[in-house]
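# Coordinate inspection notes
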Amino acid sequence: MCNFPLHTRHEHSSATNPAKSKVPRLAAPVGGAAMGNASSMLTQYDIEEVQEHCNYLFSQQEIVSLYKRFCQLDRSAKGFISEDEFLSIPEFSLNPLSKRLLRMVDGLNFKDFVSFLSTFSVKASICQKIEWIFKVYDIDGKGKVTFRDLVEVLRDQTGSFMTDEQREQVLTNVLGEAGYTWDCTLSLDDFIQIIDHPGLKMEVEVPID
C-alpha cells in the first residue's frame, strides 16, 4: 500500500523543481473502482490538492496515473522516493547527469514528485522548462551559473570524447556569440538568452517510464 504524506522527509515545504524533455506516458481513468489499487489511497480531495500544487499542469486522470507510478517506485511504501529507487530506473542511472538530477529528486513525496514532473507536461511554458534546466546547471543552488558550472556539466555530458581545453573553447565561442564572456556570472535571464541562442543546445532528458 502506498502512503500519501504531504511533506518531504527533509522539511515541511513544497519543492518546485526543463529543453528537450521526455514526458511520461499517462493514462488512467479517475473515479470509483476504475482507479485501481494503486490509487485506492487517493481521495478526490487529494487529487484536487495535488492538481493545484502543480498549477494544473496535469489533469486529474494524469495524477492518478502518476500516483500508480510513484507507488511502483516507492517499493517500501515509506511515502517518498529515495536516491536508490530513482537509480533503479535503468535510463535514469545511465543518464550522464543523473548525479545532478538526484540532488533535485531524492526524498520527494508524491506532491513534490508531481510538481517536479509538471515541468515536462505539454502545458508547461518554455520559461518553466528553461528555469528547470537552469537549476541543473546551478550546481551550488545560489541562483547563478558560472563558466566553471557550464564546463562541469558539459564534461558530464561528453565524457572522454572531449578534453577540458576543447570544452572551454566551445563554451567560450558560444558565449561570445551570445554576447557574453567566459568570466560572466549568468543569472536566469542571461541563461534564457543563451539557451534561445541557436549556437547552444542545453538539453536534459529525465526518463521516467
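Looking up the chain in an unreviewed UniProt entry gives the name EF-hand domain-containing protein, with the organism given as Zizania palustris.

For the rest of this paragraph, the subject is the nonpolar core. Of all hydrophobic cores here, the largest spans 49 residues; its most connected members are F110 and F113. Secondary-structure elements contributing two or more residues to this core are α1 (44–53), α2 (60–73), α5 (98–105), α6 (110–117), α7 (126–137), α8 (147–158), α9 (164–177) and α10 (188–196). Among the elements that take part in this core, α2 stands out by supplying seven residues, more than any other. Excluding residues within four positions of it along the chain, F113 makes contact with L66, F70, L73, I81, F86 and L108.

Looking now at the UniProt feature "domain: EF-hand" (unreviewed entry) in the chain. The sites that carry the UniProt feature "domain: EF-hand" (unreviewed entry) are, in the present numbering, residues 61–96 and 125–160. Across residues 61–96, helical content stands at 64% and strand content at 0%; the span's end C-alpha atoms are separated by 32 Å.

Here the focus is unusual backbone geometry. Positive phi, normally seen in glycine, also occurs at Y56, with a value near 60°. If you trace the backbone, Y56 turns up in the loop between α1 and α2. Even without a glycine there, the phi angle at A77 is positive, about 55°. Among the secondary structure elements, A77 is positioned in the loop between α2 and α3 (83–87). With relative accessibility at 22%, the residue A77 sits in the partly exposed group.

With that settled, consider the environment of Y67. Tracing the backbone shows Y67 in helix α2. For Y67, a relative accessible area of 0% gives the class buried. Counting along the chain gives 43 residues from Y67 to F110, while the straight-line C-alpha distance between them is 7.1 Å.

This next bit is on the side chain of T119. In this fold, T119 is placed in the loop between α6 and α7. From its side chain, T119 meets the backbone oxygen of F116 in a polar contact 3.5 Å long.

Taken as a whole and judged by the stated rule, the model has nine aromatic pairs. The interplanar angle of 80° and the centroid separation of 4.9 Å between the aromatic rings of Y67 and F110 together place this pair among those described as edge-to-face. Highlighted residues: Y67 in helix α2 and F110 in helix α6, separated in sequence by 43 residues. By the burial criterion, Y67 is buried, and F110 matches it. Considering the side-chain rings of F120 and W132, the 5.3 Å spacing of their centres and the 70° angle between planes classify their relative orientation as edge-to-face. Of the two residues, F120 is situated in the loop between α6 and α7 and W132 in helix α7; the sequence distance between them amounts to 12 residues. Residue class for F120 comes out buried when judged on its relative accessible area of 1%. Members of the aromatic cluster, connected to one another through ring pairs, are Y67, F70, F110 and F113. Directly above the aromatic system of F80 lies the positively charged group of K78, at a separation of 5.2 Å from the ring centroid.

With that settled, consider the packing of α7 against α10. Interaxial distance between α7 and α10 falls to 10 Å at its minimum, and their mutual angle equals 105°. As far as their axial angle goes, α10 and α7 are roughly perpendicular. Counted together, I130, E131, I133, F134 and Y137 of α7 and L188, F191, I192, I195 and D196 of α10 form the full contact between these two elements. When its residues are assigned to classes, the contact of α7 with α10 shows eight nonpolar, no polar and two charged.

So, how was this worked out
- Residues numbered from 1 in each chain as written.
- Predicted model: local features only at pLDDT ≥ 70, side-chain atom pairs only at ≥ 80, totals over all residues.
- Heavy atoms only, no water.
- Core = buried A, V, L, I, M, F, W, Y, C linked by side-chain atoms within 4.5 Å.
- Buried < 20%, exposed > 50% of the residue type's maximum accessible area, 1.4 Å probe, protein only.
- Helix = DSSP H or I, 4+ residues; strand = E, 2+ residues; numbered from the N terminus.
- Contact = heavy atoms within 4.5 Å.
- UniProt positions renumbered as here; feature names shortened; annotations may be inferred.
- Polar contact = N/O pair within 3.5 Å; in protein donor to acceptor, adjacent residues only side chain to side chain.
- Phe/Tyr/Trp six-rings, centres within 6.5 Å; stacked < 30°, edge-to-face > 60°.
- Lys NZ or Arg CZ within 6 Å of the ring centre and 35° of its normal.
- Axes fitted to C-alpha atoms, helices over the stretch in contact; angles between N-to-C directions.
- Parallel < 35°, antiparallel > 145°, perpendicular 65-115°, else oblique.
- Nonpolar A, V, L, I, M, F, W, Y, C, P; charged D, E, K, R; others polar.

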